[in-house]
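Understanding the architecture of this molecule
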Amino acid sequence: MAPTASQVPKESADQVTTDSFVKVLAESSNLKSVPTQFTFSNNSKGSYSDSIPIIDFSQLTSENPHQRSKALQELAKACEEWGFFVLINHGIPETLLKAIIDASLEFFELPDEDKRRYEAKSPSDPIKSGTGSVITTANHKIHLWRDFVKSYVHPEFHCPEKPQILRDTVFEFSEKTRSVTRKLLQGISENLELEQGYIDEALKLDSCFQLYAANFYPPCPQPDQAIGLPPHTDHGLLTFLIHNGVAGLQIQHNGEWFNTNSPQNSILVNTADHLEIFSNGRYKSVKHRAVVNSEATRISVVMANGAAPDAIVGPAAPLVERDGRALYRPMKFIEYVETMLSNRLQGKGNLECLKIEEDE
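The structure reproduced in this document is the subject of the present report. (Residues numbered from 1 in each chain as written. Predicted model: local features only at pLDDT ≥ 70, side-chain atom pairs only at ≥ 80, totals over all residues. Heavy atoms only, no water.)

Moving on, we come to helix 5 (residues 94-108). In an α-helix, one full turn covers 3.6 residues, which means residues spaced three or four apart are oriented alike. Its 15 residues place the ends of helix 5 22 Å apart at the C-alpha level, agreeing with the 21 Å of an ideal helix rising 1.5 Å per residue. For helix 5, the full list of buried residues reads L96, L97, I100, I101, A103, S104, F107 and F108. Seen along its axis, helix 5 keeps its buried residues to an arc of 165°; they face one direction. Those residues of helix 5 that are exposed and aimed more than 90 degrees away from the buried face are T95 and K98. (Helix = DSSP H or I, 4+ residues; strand = E, 2+ residues; numbered from the N terminus. Expected span 1.5 Å × (residues − 1). Buried < 20%, exposed > 50% of the residue type's maximum accessible area, 1.4 Å probe, protein only. Arc of directions from axis to C-beta.)

Next comes the structure, spelled out in structure tokens:
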């Protein structure tokens, strides 16, 4: 059985970082500084901007042509200039958003032995739980200040058996977000001037891939010496994120880091690698990170929405014809995902590898 916070002796702090969950370490009354395995010096300060786009989903789906046209223009600008937007009036009940945060917290509060059942053996495991680490460009292994659980939820549904409420809630959240994603992608397809139905067929969206992830970021005694998640981009098309009201997500825009604020019942959405590939570079996959704080536990829930696992994703043929050349090589979607999960470098490792240089 894992030691309780009161049982963790001071001299064993470094051992706890490798053998236990970060939650156990953070609850130790002896913890005064960040153990060496977690040391990740960074300037976690972010700026605030009133320009972060807000997309009103009800206008995007409105039968009023003027409202819908305006929303489409705003969506195009958000994808082109920021790669990020705050989605409001999306129709997903606030009760469901709260329920999935609460159910995810219940998972993190399970005994360690229940969570250890899902320790990843390979990148293709459909359910994974753990603490996570990152290999830096200097080839150093840094442990992340977070615990996580991830599961593939579509086209096949996988979820931890406990707590039961998590399975039920994740299943419903997956359905609701899938519907919203399809409508957003329809708008994006229109903005790219693609034929109706092209994006659905090319990416096999009826069998689209979805990954649920929940992150537990406990208070950290030295927030500027640790990182929840280092700068990275996401696989997939659009990533949805909600949280428990404790901020921590920062996005990079024009080389500067910005804090993200979200109104109650909103969803933070960022464009991801496969949308950059499919749009032949028109929409950029935005780099983002999760910073930690010394005061409150942050919980975030993510739903990553992608193409079908067996879809070969490359630049859309009409866009390649328009541009004169493809900027990215095609790759099977699930292979991209599993390569990314097995070799998480800082930044855009996978995406950079698929870029085609002009002289090739």
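Picking up where we left off.
Here we come to the pattern of salt bridges. Counted under the stated rule, the structure contains 14 salt bridges. Notably, a salt bridge pairs K70 with E74, separated by 2.7 Å at the nearest N-O pair. Of this pair, K70 and E74 are both found in helix 4 (residues 65-82), four residues apart, which corresponds to roughly one turn of the helix. Across the pair D206 and R182 runs a salt bridge, and its minimum N-O distance is 3.3 Å. Placement of the pair is D206 in the loop between helix 8 (198-202) and strand 7 (210-217) and R182 in helix 7 (residues 164-191), with a sequence separation of 24 residues. With a relative accessible area of 22%, R182 lands in the partly exposed category. What you see here is one network of salt bridges that share partners, running through R182, D200 and D206. (Salt bridge = Lys/Arg side-chain N within 4 Å of Asp/Glu carboxyl O.)

The subject of this paragraph is the pairing of strand 7. Of all eight residues in strand 7, eight are buried; the element is thus mostly enclosed. Along strand 7, one buried face is formed by Q210, Y212, A214 and F216 and the opposite face, lined by L211, A213, N215 and Y217, is buried too. Bridge count for strand 6 (residues 147-154) against strand 7 is seven bridges, and the pairing is antiparallel. Bridged to K150 within strand 7 is A213. Strand direction decides the pairing type here: strand 7 and strand 14 (residues 298-305), joined by eight bridges, are antiparallel. Considered in strand 14, the bridge of A214 is made with V301. (Pairing = 2+ DSSP bridges.)

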